[in-house]
Every structure is written in C-alpha cells, then in structure tokens.
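One letter stands for each residue in the lines below.
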Amino acid sequence: MTVLEIQRYLPESDQAPRWQRYEVEGEPAWSLIDALGYIKDHVDPTLAWRASCRMGMCGSCGVLVDGVPRLGCEVFLRDLPDRPARIAPLAHLPVERDLMVDTEGYLRRLRAVEPWLQPSDADPVGPVGERLQTPAQQAKYLETAQCIGCMLCYAACPQVAVNEPFLGPAALAAAHRYLSDSRDHGHARRGSVQGLQGVWGCTLVGTCSEACPKGVDPAAAIQREKVRGALSFVPSLFVRGEDD
Amino acid sequence: MREIVTVHAEVLVIGGGGAGLRAAIAAAESGARVALLSKVYPMRSHTVAAEGGAAGVAQPEDDLEAHFRDTVAGGDWLCDQSAVSYFVAHATAELTWLEHHGCPWSREPDGRVAVRKFGGMKRARTWFAADKSGFHILQTLFHTALALPSIDRFDEFFCTGLLVHDGVCHGVMALRISTGEPYLFLAPSVVLATGGAGRVYRFNTNGSIVTGDGLAMAWRAGLPLRDMEFVQVHPTALPGSGVLITEACRGEGGILLNAEGRRYLQDYGLGPETPPGQPRNKTMELGPRDRLSQAFWHEQRAGRTVPSPRGDAVHLDLRHLGAERLAERLPLICSLSEKHVGIHPKDAPIPVRPAVHYTMGGVPTSVDTSTAISGLYAAGECASVGLHGANRLGSNSLAELLVFGRAAGERAAARARAGAPPPPGSALGHAREHLCAIQALRAKKGTVRLAELRDAMGSIMDECFGIYRLGPDMERGLSRLVELRESWSDLELRDASERFNTELIAALELSCALDVALAIGASAAARKESRGSHQRLDAFSVRDDERFLAHSLVDYAESGVPAIRYGPVEITSYPPEERVYGGEAQVGDS
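## Focus: the pattern of salt bridges
Residues and elements named next belong to chain B.
Here comes step 1: Scanning all chains against the criterion turns up 67 salt bridges over all chains.
Here comes step 2: Of the charged contacts in the structure, one is a salt bridge between D455 and R454, with a shortest N-O distance of 3.2 Å.
Here comes step 3: Judged by relative accessible area, D455 falls into the partly exposed class, the value being 23%.
Here comes step 4: R547 is paired through a salt bridge with D544; the nearest N and O atoms lie 4.0 Å apart.
Here comes step 5: Overall, R547 belongs to the exposed group, its relative accessible area being 51%.
Here comes step 6: Connected through shared salt-bridge partners, D76, E229, D290, R527, E529, R531, R543, D545 and R579 make up one network.

Structural data, given as structure tokens:
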C-alpha cells in the first residue's frame, strides 16, 4: 500500500491549502497519475488535477513530489520512498484548485517572445518547396524545440518567485529555439528577450535545466542569448558571433 | 440557474488538436473572426502523442497514384476514392506548409526533408520529426496560431451540445471548466475537430481526454455516425499502460519475435522474412496494422507469446539498429521503454502487445468537410470523410488533420462571409434548457458509481469488440451496453463545486463515451462479413462485397439498440481486389 499526502485546495470552501492523507492500493508499475485516479475513483471524487497522455508528452501533469517538480506520469509508485510522499501543486504559480496551477501566466510569457517562425522568401528551397536545413543547422535548435510547456522549470526557478515580469525559463528557451533556427529572420524578437524581464533576469542557478523532463536545458539557452545580446554591442571586428 | 454568457464569432472551432488548430488558422487567414474552444489547453491535445509521422509523396520515385492505391487497399476498399484522391493530392503541400511554419522535420544530410518507411505503404513517404512527429506538428500549429490576433482561444471549455435547429447549426453550448459558468457560443459556422474515442475501451494507447465527445454531440444533433465498427488496434503498445510504441520502430528496421524467437509474421501471409534491419515495404513488420494485430491474437491463442507482469506480449527487437540510430530516430521510444518497462531497446527487446488506437469511423462528411447539417463541418479523427475505410494506414491521419482541417477552416470562413440566418428564439430556449440540465448534474443523487460504469463499458468493449469478434459475444455486449447507457442517468456524483469540477466533466465525458460505445457495438454486430479491422470468427469470416461493400450508418436512438443503414462506397478508379502483402505485393514492382 502507498500513502500519499496531497495538498488540497478547494477555492469555494478552503481559506488556505491543507494536507490530506490517502491510502492507495496500487501496483508498483502504477504512475502517480494512476494513483490519483484510484483516489478519485474509490476514495474522494473531489480531488482535481490535470493529466492526459501518460507518456510525458502533453505536459499537463506537473506536480511537486516531495518538493521536486516532476511529471506525475513519470513518477512510479515503485520509486516512491517508504514514508508517505508529499504531492503538491507546482511552486511559484497561482493554485487554481488542488494540484492545478494557472497556465495563463506561462502562455502570456510565451507569446511575448513571438514563438513562431518568421521566415524569408530568399531562403533556398528543396524539391517539394521545403526550406533546406541540414542536420547540423537543425541541431542548433532541436534541443530547445522539445519543450512541452509543462512549467516544471517555472516551479524550479527562484527568479520566477521574486521577479514577476521575468519571462522565465521555458519562454526564453522558446525564444532561443526560434532565434537559433536558420530559417528564422525574426530578429526583432531579440529585443524582447534582452533586459531584466528577459535573459538578464536569470541568476544562473540552473535549477530549470535540472527540472526539465525533456532535456531542454533552458539555462544554457539563456546563457547563449546573453552572449548573443552582449556580442551585438561589440564590433564584429573583434569578436565573431556564434550564429553568423 | 446562473446567467448564460453569450459569445459571438464568425467561425467556431471545437477542439484544439491538429485538425482544430489547422482549421482555426485557415479560417483566420481567410479573414474570419475565430473562437477556438478546447476542453484542454491546445498543446495538451492528443495529437501531441502521435509519434511516427505524416504521409505525403515527396520522393522522385513515388507518385500520387501509388499513395492512393496503398490507402484504398489498406482500407480494404471501404474508402471513398474521391476523398482519397483529394487527400493524396494535398498532403505534401500541407506538410511543406508546416515546414514553412517551423516544423523540425528530420532531414537528409543535404538539408532536404527525410522520409521513412511505414506499414502498408509501397514507398517511403512518411515525413517525421524523430519519433515526436505529432508533438512537433501540434507545437508548430499552436505557435502559428499564437501569432494570429483574430483567433480567440477559449481554453478549458467543455462543449456539451450543438445548437441545431431545422437542419442548421447555429453554435454550441459549453461549460467553462474553471468557473462552472454556462456559455452559449453563436456562429454561422462550426467546425467539429474533437478527435476520436479510444477511451471507450479499457486497453488503449489514447490519452484520458479521448472520450468521443464530438462524435456523441453530432449524433445527438441528428447526424448518423459512419463506419463506427472499424476501430484500429495498434499492434505495438506497452503491456499494462498501453503507451504507444510507434510503427516507426518497424519502419526503421525493428522486428517482431514470438516466445520462440520466430519472426512469426511470415506465418500470416506477410513473408518472406526480410533480413533484420532491412525492412521491405508492405512486407513482414511493414504489413498493415490490422493484419499485425490479428497475427498477435493467433500467436497468443497458440501459446507463443511471452508472459509479462502486465499481460502477454511479443518482442519488438531494435537492438540491431544500434545506439546511435536509436538516439537519432527513436529517442522517445528509448525513454518510454526505459521509464515504463525498465528496458533500453539497445540492450533488450521491448515487450509489446496490441491496444486500441484509432477511430476510423465518425461524422460523415463530404470531401469538402461539410456535413448534412448546414453550417457544421468536421475534420480529423472525429470525421469520416472516407479516407481510411476499414483500416487506416499509419501516418495518413497526421496528414489528414492538416488537409481536411484546412479545408474545413476555409469552408467555414466562406460560409461566415456569405452570412447565415441568426438562430430563432426557440433554439435559444432549447439551449437554456440544455445548460440548465447540465448545471443540475452537480452532486446529483443516484446509485451508480462513475468509475464502475466507465470500467464496465471498457471491459465489454475489450471483450466483445476487439481484434476478433463473434456474433453471440457482440449481441451480449450490445445488450449490456444498452443497460450501461441507461444506468448513466442513475449516476451518483458527489462534488457540488463549481470551479474545476472534474467529476462533472468526467460524467459528461462518460455519457459521450457510452453513446459512442453503443454506436460501435451496433455497427459491429450488424456487419456480417470481415473487412479490415472488423474481423469475425463465426460464419462471416470473409469479405462480402456483394452485401457489405457499403458504409454503415448508425442512427441515434434515445434508448435501445440503434438502427443501422448502409450507404454506397464511392469507387472511382480502383475496383475491389484481394488485399495482398508480403511477397505477393512485390510482384510487378521493381
């Protein structure tokens, strides 16, 4: 049997979040999401969370497991400690109900970096009209293109907690993804990611990259944008940019 | 009753997955003001979980006719051939469009888009982004939609019904999940893009949101559902969880082995055996999905499957591909296999078994995505445009989302431009009643537990409407489904809250799923032949073109077993033949 202590918050009846203990008759191969389903089915139908794909792709099910941001579908009962595990909503984001946190703030920040390709008709095209891009060119942005928007990095980032305008790791990684794409010419986007709300708000603790379940490494993306920003002020005679 | 919030739009898109986003973008680019409703944030939609890729002719040695013929034969001739022609003619342009919007399709060393082999396809024509093709398609569409100010998103709105009056659709009723407020969305054009219904089965590859809501809504609004008996069972999913292990594993050269280590597919008309790592189109592991799932069933019966803690399995061996190619082409599969079953495919084979995957049938539409209700369009998995017939070929559905999503968006925008009559007062009264009834469901008294009803439905579907079907089993299953559907009204709900009442949403989803399950069951029991994914082991074990080269149409019934009719299949240039795979399929090919 697995014991979970889950942070509950019902906005219509709770003044503040509270902890509730649940016992789950589950299998070792069950994910945390399976366990939450068991609770809803058999114990308490009011428990609320988000989840869908159960394969780490839809980004719905981020929670704190003993204080660590994780995808619920990638935490298995066999991996939980013998003592009760504490399950809470992601930190640094407004709690809507139980394990659900506000997604709007992340989407507003994401949109602020204009995360869409801004191409040029002058780019060379291939046989079916596709813009040519070699695997080496693609490798410059492919890692950051894996972001599933799960917001675990926001829960891990100390700056998100104290600097409200800060765009945060995932949005800045998205900016880097497009700025590093050989097909993209949206250089105006560079302005929005510089400054204290952008990459210069990052204090380089790297917790975002540790938290990322998809290997995106937002911390490295942010550092590369800092370099790109700094280089744009230095005459190219002396320093050569990494993305010429 | 709380006050109803009314929202006006020109084009209303229901569903924020691939088809819905593509429709919204096309409508917005045609100048329409779009309201995009989704019960989840669009990037959470189940398109995200598609792995293998999207089909579109791209190689000089390939041609549209070959893609057309593969699709029609793959569908066991139940495809509407003009829909297939339209599809193959537009797929490549859509995939290229997606490239222009940033989709990171995997590339050849010289920068051209790469394609991979896929089951039932005579040539390599599947565009892919490693093994996260659906994710990258959805991400590209979502990002592109963010750039368009004329798309207003209504995220986490659960649509509860279509507002249809005298054969005209005027909008939808909905529930805002975050507040519980009732909404009425009014628009001259509505695009249904709500996806499939894999969750009516217990063992499936689908996300928990795939509950057939749109299919049920259209059915209740008076449209028949077409070809619902054709449910695709994907041959390779992880035991226990049902997590999808993409067909691309086999496209890249993976092989399937039984407990004796034999490439058993050669015993099911799919041979001759090909050397490991050298896959041959339409042969062995690159046969179509229905045939591969059926082969598993026989192996299991013969005791040649591998027992695993969470169910019998066969082995998908990828070791010969090597660590480097696995990392480049199948990174998600490596990670899923490690996390869920503790096996890295470079070291050991992955245990896999068939799981329900895709709803071939749906809301009948013309090639232009219009339905028999004016102002209502449908695209993607919820639609039955006639593309997939009795068995969908892998990688045709991601391309379908784009081709028909776009067509729906453009059609819907054109109708909105032309102007349509406003809904009559009586329709609005009906909408109010409907929303009032939904509100009254919270914490309703009853004796039936939601989870028990849901699991009972899933078990009946697994037992009676799976890979192989028997007349008596289906009749038994059907009467049980009728009872289960009736017992929904006796559901006990215990959450009285307004905000994020996910128990209420689950109850509404279950009511949709029960409707869809019944539509599947009734359609299956009535089809007295075997074709594509509908295979019977009784007196009707072969294809019967005399009687059943026809689309099934199931009409809505409030209670009891719904009636089945049949409609014509459109055959333009490729008359029915025997489906051949393996060596026979290569005859005459270079």
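## A look at unusual backbone geometry
Here comes step 1: In this chain, G271(B) is followed by P272(B) through a cis amide linkage whose omega measures 10°.
Here comes step 2: Position of P272(B) among the secondary structure elements: in the loop between strand 14 (255-257) and helix 7 (289-301).
Here comes step 3: The phi dihedral of E114(A) falls on the positive side, at around 50°, and the residue is not glycine.
Here comes step 4: Summarising the element assignment, E114(A) is placed in the loop between helix 2 (104-112) and helix 3 (135-142).
Here comes step 5: You can call E114(A) partly exposed: its relative accessible area is 31%.
Here comes step 6: Positive phi is not limited to glycine here, since S395(B) has a value of about 80°.
Here comes step 7: For S395(B), the position within the fold is in the loop between strand 19 (383-384) and helix 10 (396-418).

## Some points on the sheet that holds strand 8 (residues 157-165) of chain B
All names here are of chain B.
Here comes step 1: Overall, mixed pairing links the four strands, which are arranged 1-10-9-8 in an open sheet. The open sheet has two edge strands, strand 1 (5-8) and strand 8, and neither has a second partner. Within the sheet, the average angular offset between the axes of one strand and its neighbour, ignoring direction, is 25°.
Here comes step 2: Note that strand 1 and strand 10 (residues 182-186) share four bridges and pair parallel. Of the residues in strand 10, the one forming a bridge with V7 is F185.
Here comes step 3: Its contacts with the sheet put helix 14 (residues 502-526) on strand 8 and strand 9 (168-176), and the angle it makes with strand 8 is roughly 45°.

## Some points on the domain arrangement of chain A
Residue and element names in this part refer to chain A.
Here comes step 1: Along its sequence, chain A is organised into domain 1 (2-101) and domain 2 (104-231).
Here comes step 2: Computed over C-alpha atoms only, the centres of domain 1 and domain 2 are separated by 29 Å.
Here comes step 3: Taken together, the contact between domain 1 and domain 2 spans 16 residues of the former and 15 residues of the latter.
Here comes step 4: Summing both partners gives a buried area of about 1,100 Å² for domain 1 against domain 2, and 70% of it is carried by carbon and sulfur.

## Quick look at the interface of chain B and chain A
Here comes step 1: Each partner contributes residues to the interface: chain B has 64 residues there, and chain A has 64 residues.
Here comes step 2: Here chain B packs against chain A, burying approximately 5,100 Å² in sum over the two surfaces, 52% of which is carbon and sulfur.
Here comes step 3: Among the residues chain B hides against chain A, the three largest losses belong to R44(B), K339(B) and F500(B). Together they make up 13% of the total.
Here comes step 4: With its nearest N and O atoms 3.8 Å apart, the salt bridge here joins R310(B) to E27(A).
Here comes step 5: Our count for the contact surface shared by chain B and chain A stands at 40 residue pairs in polar contact (both at pLDDT 80 or more).
Here comes step 6: Secondary structure elements with two or more residues in the side of chain B that touches chain A: helix 3 (81-100), helix 4 (133-146), strand 7 (151-155), helix 9 (331-341), helix 12 (450-464) and helix 14 of chain B.
Here comes step 7: The element best represented in the side of chain B that touches chain A is helix 4 of chain B, accounting for seven residues.

## Description of the side chain of E94(B)
Residue and element names in this part refer to chain B.
Here comes step 1: With respect to the helices and strands, the residue E94 is situated in helix 3.
Here comes step 2: E94 sits in the buried class, given a relative accessible area of 2%.
Here comes step 3: Residues within four places of E94 in sequence aside, it is in contact with R22, L402, V403 and R406.

## Remarks on the nonpolar core
Here comes step 1: Core analysis: the largest hydrophobic core is formed by 161 residues, its most contacted members being L4(A) and V11(B).
Here comes step 2: Among the elements that make up this core, the one with the highest residue count is helix 10 of chain B (10 residues).
Here comes step 3: Excluding anything up to four places from it in sequence, L4(A) contacts Q20(A), R21(A), Y22(A), V24(A), L32(A), A35(A), I39(A), L80(A), A85(A) and I87(A).
Here comes step 4: Among the nonpolar cores identified, the runner-up in size contains 82 residues, and L37(B), V172(B), A197(B) and C464(B) belong to it.

## Points about empty space enclosed by the protein
Here comes step 1: Here the structure, examined in full by the defined rule, presents 13 cavities of 30 Å³ or more.
Here comes step 2: The computed volume of the largest cavity comes to approximately 790 Å³.
Here comes step 3: Looking at the largest cavity, it is lined by 50 residues, and the ones nearest its centre are H46(B), T47(B), G195(B), G196(B) and E381(B).
Here comes step 4: Where the lining of the largest cavity is concerned, the elements lending two or more residues are helix 1 (18-29), strand 3 (34-38), strand 8, helix 5 (213-220), strand 16 (350-359) and helix 10 of chain B.
Here comes step 5: If one sorts the elements of the lining of the largest cavity by residue count, helix 10 of chain B sits on top with four residues.
Here comes step 6: Its residues assigned to classes, the lining of the largest cavity comprises 19 nonpolar, 23 polar and eight charged.
Here comes step 7: When its volume is computed, the second largest cavity comes out at roughly 170 Å³.
Here comes step 8: Contributing to the lining of the second largest cavity are 22 residues, with A145(A), C147(A), A174(A), Q139(B) and H143(B) lying nearest its centre.

## Focus: the pairing of strand 16 of chain B
Residue and element names in this part refer to chain B.
Here comes step 1: Taken across its 10 residues, strand 16 has 10 buried, putting it largely inside the fold.
Here comes step 2: By the bridge criterion, five bridges tie strand 13 (residues 231-237) to strand 16 in an arrangement that is antiparallel. Paired with V231 across the two strands is T359, which belongs to strand 16.

Reading the values: the criteria
Residues numbered from 1 in each chain as written. Chains lettered and ligands numbered in written order. Predicted model: local features only at pLDDT ≥ 70, side-chain atom pairs only at ≥ 80, totals over all residues. Heavy atoms only, no water. Salt bridge = Lys/Arg side-chain N within 4 Å of Asp/Glu carboxyl O. Buried < 20%, exposed > 50% of the residue type's maximum accessible area, 1.4 Å probe, protein only. Helix = DSSP H or I, 4+ residues; strand = E, 2+ residues; numbered from the N terminus. Pairing = 2+ DSSP bridges. Axes fitted to C-alpha atoms, helices over the stretch in contact; angles between N-to-C directions. Contact = heavy atoms within 4.5 Å. Domains from an automatic or database assignment. Buried area = accessible area lost by both parts, 1.4 Å probe. Polar contact = N/O pair within 3.5 Å; in protein donor to acceptor, adjacent residues only side chain to side chain. Core = buried A, V, L, I, M, F, W, Y, C linked by side-chain atoms within 4.5 Å. 1 Å grid on protein atoms, 1.4 Å probe; cavity = no way out; pocket = protein on both sides within 12 Å on 5 of 7 lines; lining within 4 Å. Points joined across faces, edges and corners; volume = space filled by probe spheres on them. Nonpolar A, V, L, I, M, F, W, Y, C, P; charged D, E, K, R; others polar.

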